[in-house]
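Coordinate analysis (summary)
Here is how the chains run, residue by residue.
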Amino acid sequence: MMSGFMEYQMFIDGQWTPGLTGDKMEVINPATREVVATVPRGGREDVDRALASARASFESGIWANKSVEERAQVLMNAAMLVVANKERLAYLESLTSGGTIRRTTTVDIAEVAGTLLLTAMILKELPQVEHTFFSPPWVAPMHTFWKREPVGVCAGITPWNFPLILAMYKIAPALAMGNSIVMKPASITPVTTLELAKILTDAGVPPGVINVITGPGSSMGNYLAGHPEVDKIAFTGSTEVGRQIAHQAADTIKRVTLELGGKSPIIVLDDADMEVAANMCLLGFLFHSGQVCESGTRLFVPRRLQDELVERMISKIKKMVIGDQLDMETDLGPIASQEQLNTIDRYVHIGKEEGAQLAYGGRQLTEGIYEKGFFYEPTIFINCHNQMTQVREEIFGPVQCVIPYDDVEEAVAMANDSIYGLGGGICSTNISRAQKLANRLRTGTVWINTWHVLRPDAPFGGYKQSGYGRECCYHSLLAYSEVKHICLDLTPDGDDKLMNLLIGSNR
Ligand code: NAP
Ligand code: MG
């Protein structure tokens, strides 16, 4: 489709802009390690420049003062442009992140365009001004109302697993509410976020309102997250970095949304349809080769059903196509980086050392078509218990830990015994039983007989150390706005009841 090497610049103030140092970072295809693009390796001066552009655009009112209808229209234009550029965006997303092209051309594009459209629709429905009718006897007649205003300059920092979707979860609500934003994508997958900025600009977002800078998180991201010019920060990534960002944000009381790690529990009940359970559990841990924050990676199954469920899962895994993410037939693509591959392998070794039994997989794929890329075999540990390291910590790879249980109360207690609380799920043919258990899981989302369904019209986020705040639906619009109460005395005069009461101004 498209090939050849691409040299990107940053996107600042509506223009492609070279980095100030001239240094570059290489972007590779994780299936082949081939360098497919370069982006500038930005530094502090680039952050300052992007924030200055965002601040100037915000203060000018060029976007913030547009009507709701005008902003909604630009978001809808952008949705159409995303669809028109579907092939290119999906190709670049797959090429650099390793996501399968079958998924990126369908799910990812629909989610990105859908988020823009839904956000525009919700924006138009959201009450812009609200009133109260209550008036206590000691105040003169007043008109009391409140309105939504943008927070100001926002910063979005995103990881490498779903670069387009996770960027849009931040950009769409920020723009809807009239903010300006600076995005810092992950260093290994910056390309599609840069492309999005250009598309949004072509759709009518004024210069400076959307900026994308590229560079290392540890230096540039860290400087951005602590910058006094940032009014709100939205971060998706590891709990470790999220915690650091929350600390930094405290100094200038930034608004913060954090979408962090997970170790989501699946509880299969004894009445489950085993075919549904096998599919749900495979989707839970193998979607995007397990590199998903809400992956279902602690599988609680009735002890007597463990073997049957695992056998079904293994026979399905054997038929899956693992390989080139750009091939429409591929089910599971590569791991995104050497670093992530090492992390997965390290946890698999820890699992073996701690006595978990390997039922399938457990190694890097290195031969033939796998020789140059970062591929890992789907891996299932059985007879785990909830205290093992590989069961407690986020692995972010295709590794399932099966924990047999004898009593469903015990399963619920173990499911909730985690620092994380992002996703959770129940597999059962008894919907009312599943619903009752769903109420008891301390997680931001519970799936019943399915997994990974995120929607632009439903809130997504975590309990506990999986983060705070919600992305998507009207919750995200609220998170990108301030509320201003305006209180107007309709009949001001020198003999004011309230002032007389409170300070004796009539003496
Ligand atoms: P990460 O370090 O949290 O990186 C996420 C984003 O934050 C990237 O854009 C990164 O930039 C940036 N960043 C890194 N350090 C920063 C800092 N000190 N201040 C501000 N920004 C910073 O995640 P990772 O290293 O890519 O992956 C590590 C683990 O995090 C994974 O194994 C997985 O467990 C978890 N993870 C979770 C999610 C999720 O969706 N919740 C996504 C990815 C990873 P650079 O790319 O330049 O480092
Ligand atoms: Mg990191």
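Residues numbered from 1 in each chain as written. Chains lettered and ligands numbered in written order. Predicted model: local features only at pLDDT ≥ 70, side-chain atom pairs only at ≥ 80, totals over all residues. Heavy atoms only, no water.

**Notes on unusual backbone geometry**
Rules: Only DSSP runs of H or I reaching four residues or more are called helices, and only runs of E reaching two or more are called strands; each is numbered from the N terminus. Buried, partly exposed and exposed residues are distinguished by accessible area as a fraction of the type maximum, computed with a 1.4 Å probe on protein chains only: under 20%, between the cut-offs, and over 50%, respectively.
Positive phi is not limited to glycine here, since Arg-33 has a value of about 65°. Among the structural elements, Arg-33 can be located in the loop between β4 (24–28) and β5 (35–40). Judged by its relative accessible area of 38%, Arg-33 is partly exposed. In this model, Phe-396 sits at a positive phi of 65°, which is unusual for a non-glycine residue. Along the chain, Phe-396 turns up in the loop between α12 (389–392) and β19 (399–405).

**Some details on the site of ligand 1**
Put simply, the rule reads: One heavy atom suffices: a residue is near a molecule or strand as soon as one of its heavy atoms comes within 4 Å of it. Under this definition, polar contacts are N or O atom pairs within 3.5 Å; protein pairs additionally need one hydrogen-donor-capable and one acceptor-capable atom, and for neighbouring residues in sequence, both atoms have to be side-chain atoms. Note that accessible areas follow from Shrake-Rupley with a 1.4 Å probe, and for residues the cover is restricted to the protein chains shown. Any residue outside Ala, Val, Leu, Ile, Met, Phe, Trp, Tyr, Cys, Pro, Asp, Glu, Lys and Arg is labelled polar, Gly included; the first ten of those are nonpolar and the last four are charged. These domain boundaries are the output of an automatic or database domain assignment.
Near ligand 1 there are 27 residues, and of these Trp-160, Ser-187, Gly-217, Ser-238 and Glu-394 occur at the shortest range. Between ligand 1 and the protein, one listed contact pairs an oxygen atom with a side-chain N or O atom of Trp-160 at 2.6 Å. Within the complex, 85% of the 870 Å² of free accessible area of ligand 1 lies under protein. Breaking the shell around ligand 1 down by element, the ones donating at least two residues are α7 (217–225), β11 (232–236) and α8 (239–251). Sorting elements by how many residues they give to the shell around ligand 1 places α7 first, with 4 residues. Looking at the shell around ligand 1 residue by residue, the class counts come to 11 nonpolar, 13 polar and 3 charged. In this structure, the shell around ligand 1 is formed jointly by two domains, domain 1 (9–30 + 67–131 + 144–260 + 466–485) and domain 2 (264–448), each of which donates at least three residues.

**Re a nonpolar patch on the surface**
Threshold: Candidate patch residues must exceed 30% relative accessible area and have no salt bridge, after which like charges are joined if within 9 Å and Val, Leu, Ile, Met, Phe, Trp or Tyr side chains if within 5 Å. Counted as salt bridges are all cases of a side-chain nitrogen of Lys or Arg within 4 Å of a carboxyl oxygen of Asp or Glu.
On the surface, Trp-138, Met-499, Leu-501, Leu-502 and Ile-503 cluster together into a nonpolar patch covering about 590 Å² of accessible area. Tracing the backbone through its elements, the reader meets Ile-503 in helix α16 (residues 497–503).

**Re the pattern of salt bridges**
This structure, assessed with the given rule, holds 23 salt bridges. Between Glu-195 and Arg-88 there is a salt bridge, with the nearest N and O atoms lying 2.7 Å from each other. Here the residue Glu-195 occupies a position in helix α6 (residues 191–202), and Arg-88 occupies one in helix α3 (residues 86–97), the gap between them amounting to 107 residues. According to the relative accessible area criterion, Arg-88 is partly exposed, its value standing at 28%. Connected through salt bridges with shared partners, the residues Arg-55, Glu-59, Glu-229 and Asp-231 form a single ionic network.

**Regarding the domain arrangement of the protein**
Stated formally: Accessible-area loss on putting two parts together, using a 1.4 Å probe and summing over both, is the definition of buried area adopted here.
Domain annotation of the protein identifies domain 1 (9–30 + 67–131 + 144–260 + 466–485) and domain 2 (264–448). The centre of domain 1, based on its C-alpha atoms, is set 30 Å off from the matching centre of domain 2. Across the domain 1/domain 2 interface, buried area totals approximately 2,100 Å², and carbon plus sulfur atoms make up 62% of it. The tally of links from domain 1 across to domain 2 stands at 1 salt bridge. Put simply, Asp-331 and Arg-102 hold a salt bridge, and the shortest N to O gap is 2.8 Å. For the pair domain 1 and domain 2, the interface holds 14 residue pairs in polar contact (both at pLDDT 80 or more).

**Observations concerning the sheet that holds β4**
Let me state the cut-off plainly: One bridge is not enough; two strands pair if DSSP finds at least two bridges between them. Contact criterion: two residues are considered in contact whenever any of their non-hydrogen atoms come within 4.5 Å of each other. Inter-axis angles, ranging from 0 to 180 degrees, are taken between N-to-C directions of lines fitted to C-alpha atoms, where helices are fitted over the stretch in contact.
Pairing is mixed across the open sheet formed by 3 strands, whose spatial order is β1-β5-β4. Two strands close off the open sheet at either side, each with one partner strand: β1 (6–7) and β4. Each of β1, β4 and β5 touches α3; the most contacted strand, β4, lies at about 95° to it.

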